[in-house]
Amino acid sequence: MARPLTAPAGDRLRAELARVLDGGGRGARDAGIALGNGPVAQRLESAIRALAGRRGRRSSICPSDAARAVGGGSWRALMADAREAARRLARAGEVEITQRGDVVDPDGDWTGPIRIRPTAR
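Residues numbered from 1 in each chain as written. Predicted model: local features only at pLDDT ≥ 70, side-chain atom pairs only at ≥ 80, totals over all residues. Heavy atoms only, no water.

Going by an unreviewed UniProt entry, the chain carries the name S-adenosylmethionine tRNA ribosyltransferase and comes from Mycobacterium parascrofulaceum ATCC BAA-614.

What follows is the structure, given as structure tokens:
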């Protein structure tokens, strides 16, 4: 039996950003920037803010979510940039970076899988 085709993760994440944009309100400006053609660093930061904000404090995103939304099929090349964007946003107090459920220092020397969630502000 043939497996049903599913949309690539980048397409699903861009569709999620489009829903944030269409909904107006908080996150719409960031979703528009993330979906635009501006500088990649700015688009990654905006994708992180919009996706993390949409999912809320009880959930989180992976840096690859932002990289996939912005980079499409070339997302892997953006992973270091996405992690650095998360560090910048965490330094600014906009998000928290977690590893195994614990908040980590954005300037720390951590490696391995991380998650990003909005702060409780």
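Across its full length, the chain carries 5 helices and 3 strands. For the chain, the α and β elements follow one another from N to C terminus as α-α-α-α-α-β-β-β. Here the C-alpha atoms of the chain give a radius of gyration of 14 Å, agreeing with the 14 Å that 2.2 N^0.38 yields for 121 residues. Projected onto its principal axes, the C-alpha positions of the chain cover 45 × 35 × 30 Å. When contacts within the chain are restricted to residue pairs at least 6 apart in sequence, those whose partners lie at least 24 apart make up 45%. Of the accessible surface of the chain, which amounts to about 7000 Å², a share of 49% is contributed by carbon and sulfur atoms. Positive and negative charge centroids in the chain, built from 22 and 14 side chains respectively, lie 5 Å apart. (Helix = DSSP H or I, 4+ residues; strand = E, 2+ residues; numbered from the N terminus. Rg over C-alpha atoms; globule rule 2.2 N^0.38 Å. Contact = heavy atoms within 4.5 Å. Areas by Shrake-Rupley, 256 points an atom, 1.4 Å probe, with all protein chains shown as cover. Lys, Arg positive; Asp, Glu negative; His and termini not counted. Charge placed at Lys NZ, Arg CZ, Asp CG, Glu CD.)

A few words now on the nonpolar core. The biggest cluster of nonpolar side chains holds 30 residues, and the ones touching the most others in it are Leu17, Ile48 and Ile97. Mapped onto this core, the elements with two or more residues apiece are helix 1 (9-22), helix 2 (28-35), helix 3 (40-55), helix 4 (63-71), helix 5 (79-91) and strand 1 (95-99). (Core = buried A, V, L, I, M, F, W, Y, C linked by side-chain atoms within 4.5 Å. Buried < 20%, exposed > 50% of the residue type's maximum accessible area, 1.4 Å probe, protein only.)

Turning our eyes to something else, we now look at the sheet that holds strand 3 (residues 115-118). Strand order in the open sheet made by the 3 strands is 2-1-3, with antiparallel pairing throughout. Each edge of the open sheet is held by one strand with a lone partner, namely strand 2 (102-103) and strand 3. Inspection of the sheet shows strand 1 paired to strand 2 by 2 bridges, in the antiparallel sense. Across the sheet, Gln99 pairs through a bridge with Asp102, a residue of strand 2. (Pairing = 2+ DSSP bridges.)

In summary, the side chains of a regular strand alternate between the two faces of the sheet. The buried count for strand 1 comes to 5 of 5 residues, which makes it a mostly enclosed element. Strand direction decides the pairing type here: strand 1 and strand 3, joined by 4 bridges, are antiparallel. Bridging from a neighbouring strand, Ile97 pairs with Ile116 of strand 3. In textbook terms, the turn of a hairpin is the stretch between consecutive antiparallel strands, and for strand 1 and strand 2 this stretch comprises 2 residues, one of which, Arg100, has a positive phi near 55 degrees.

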